[in-house]
Amino acid sequence: MSRKAKVRTKSILSKIFCSLIYIVLFMPIAVVVVNSFNATTSKPYLTWKGFTFDWYVKLFENQSLLTSFGNTMIIALVTTVLSTIIGTLGAIGMYKYKFKGKGIIDGLLYIPVVIPEIVMGISLLTVFAKVSVPRGMLTLIIAHITFCVPYVIFNVRARLSGYDISIEEASMDLGANRIRTFWEITLPVLRPGITAGALLAFTLSIDDVIISYFVNGNTMTYPLQVMASIKSGVAPDVNALSALILAGTIIFVVLTQGNLFKKKKQ
């Protein structure tokens, strides 16, 4: 076999391999989107009976599903804001200051990340029961903040690894106080890490099932609502809402990463 033929064969095999990977990644998503247009009305809603938009209309009549999605968004937004603030301040404090036990605290940050979620869910449930905190929206937010803060700290700290603290000293030498230096010097430099941490916290919060199951009380979130419907088959209106979430995610990515796509084309 000639060198040119080998290169062509290698290129074809690479394309086939990449195609298989993309099929595995995106086939489940495609199934959800396609099934949201399924006209079937009989459980388990898997047999294709024709194309319809009815489930997108019925979606807005399913009050329990909309309520659970609203709860999820409220929890995710509050969790994102608070965990981003706590995580950013924590990362800056851990980077700038030296104190006894810093290494221990630094190591403990990895525990919420590496331990199984079921263990963390049981632990939080035990704590809330001991201090007599009624389970509901508040416990869900506290639980989500607990496991989201370390991710924010790791992202911000990664940005701090190449940070030159002398620019803050130069700013204060020129007359700026610590608050102004933080807002005009430190924060802009750390913004990419903060944004990445916030997006990761939002994604983790909106997607959580296991920990939320232990601490939700009577407050249903969208993932828990979907999990509860699995026993009887996921209804197409759930798929319709999932498709709308997917569309919103795609629009958000295009709006925020549009410049990146343009650069690649150039």
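The notes below deal with the structure included here.

Our next topic: the overall build of the protein. The helix and strand inventory of the protein stands at 12 helices and 0 strands. Moving toward the C terminus, one meets the helices and strands of the protein in the order α-α-α-α-α-α-α-α-α-α-α-α. The C-alpha atoms of the protein give a radius of gyration of 24 Å, which is well past the 18 Å a tight globule of 266 residues would have. Counting only C-alpha atoms, the protein reaches 70 × 70 × 35 Å along its principal axes. When each of the 266 residues of the protein is scored for burial, the buried share is 32%.

Below, the discussion takes up the nonpolar core. If you look at the biggest cluster of nonpolar residues, it comprises 27 residues, and the most contacted ones within it are Leu124, Val156, Leu160, Leu190, Ile211 and Val215. Looking at this core, the elements that each hand over two or more residues are helix H3 (63-96), helix H6 (117-130), helix H7 (137-160), helix H9 (178-207) and helix H10 (210-215). In terms of residue count, H7 provides more of this core than any other element does, 12 residues in total. With residues up to four places along the chain from it excluded, the contact list for Leu160 reads Ala91, Ile92, Tyr95 and Leu190. Judged by nonpolar contacts, the second largest core, of 9 residues, contains Tyr56, Tyr222, Ala240 and Ala243.

For the structure on display, the rule yields 9 aromatic pairs. Seen in terms of ring centroids, Phe51 and Phe53 are 5.2 Å apart; in terms of plane orientation they differ by 90°. Their pairing is edge-to-face. Residues Phe51 and Phe53 agree in their burial class; the two are exposed. A centroid spacing of 5.8 Å and a plane angle of 85° characterise the contact between Tyr213 and Phe214, whose relative ring orientation is edge-to-face. Classification of Phe214 as buried rests on a relative accessible area of 17%.

With that settled, consider the pattern of salt bridges. Counting across every chain of the model gives 2 salt bridges. The salt bridge involving Arg157 is made with Asp106; its shortest N-O contact spans 2.3 Å. Linking Arg157 in helix H7 with Asp106 in helix H4 (residues 102-108), this pair joins segments that are 51 residues apart in sequence. When the shortest N-O distance is used, the salt bridge between Arg180 and Glu184 registers 3.2 Å. Of this pair, Arg180 and Glu184 both sit in helix H9, separated by 4 residues, roughly a single helical turn. Under the relative-accessibility criterion, Arg180 is labelled partly exposed at 49%.

At their nearest, the axes of H7 and H9 sit 8 Å apart, and the two run at 155° to each other. By the angle class used here, H7 and H9 are roughly antiparallel. Judged by the twist between their axes, the crossing of H7 over H9 is right-handed. Two secondary-structure elements touch here, H7 through His144, Phe147, Cys148, Tyr151, Val152, Asn155, Val156, Arg159 and Leu160 and H9 through Val189, Leu190, Pro192, Gly193, Ile194, Ala196, Gly197, Leu200, Ala201, Leu204 and Ser205.

Bringing the side chain of Asp237 into the picture now. Along the chain, the position of Asp237 falls in helix H12 (residues 236-265). Look at Asp237: it is buried, it has no salt bridge, and the nearest opposite charge is Lys58 at 8.6 Å. Engagement of the side chain of Asp237 in a polar contact is seen with the side chain of Asn62, the distance being 2.8 Å. Filtering out sequence-adjacent residues up to four positions away, Asp237 remains in contact with Trp55, Leu59, Asn62 and Leu65.

Parameters at a glance
- Residues numbered from 1 in each chain as written.
- Predicted model: local features only at pLDDT ≥ 70, side-chain atom pairs only at ≥ 80, totals over all residues.
- Heavy atoms only, no water.
- Helix = DSSP H or I, 4+ residues; strand = E, 2+ residues; numbered from the N terminus.
- Rg over C-alpha atoms; globule rule 2.2 N^0.38 Å.
- Buried < 20%, exposed > 50% of the residue type's maximum accessible area, 1.4 Å probe, protein only.
- Core = buried A, V, L, I, M, F, W, Y, C linked by side-chain atoms within 4.5 Å.
- Contact = heavy atoms within 4.5 Å.
- Phe/Tyr/Trp six-rings, centres within 6.5 Å; stacked < 30°, edge-to-face > 60°.
- Salt bridge = Lys/Arg side-chain N within 4 Å of Asp/Glu carboxyl O.
- Axes fitted to C-alpha atoms, helices over the stretch in contact; angles between N-to-C directions.
- Parallel < 35°, antiparallel > 145°, perpendicular 65-115°, else oblique.
- Left-handed = near helix turned anticlockwise from the far one by under 90°.
- Lys, Arg positive; Asp, Glu negative; His and termini not counted.
- Polar contact = N/O pair within 3.5 Å; in protein donor to acceptor, adjacent residues only side chain to side chain.

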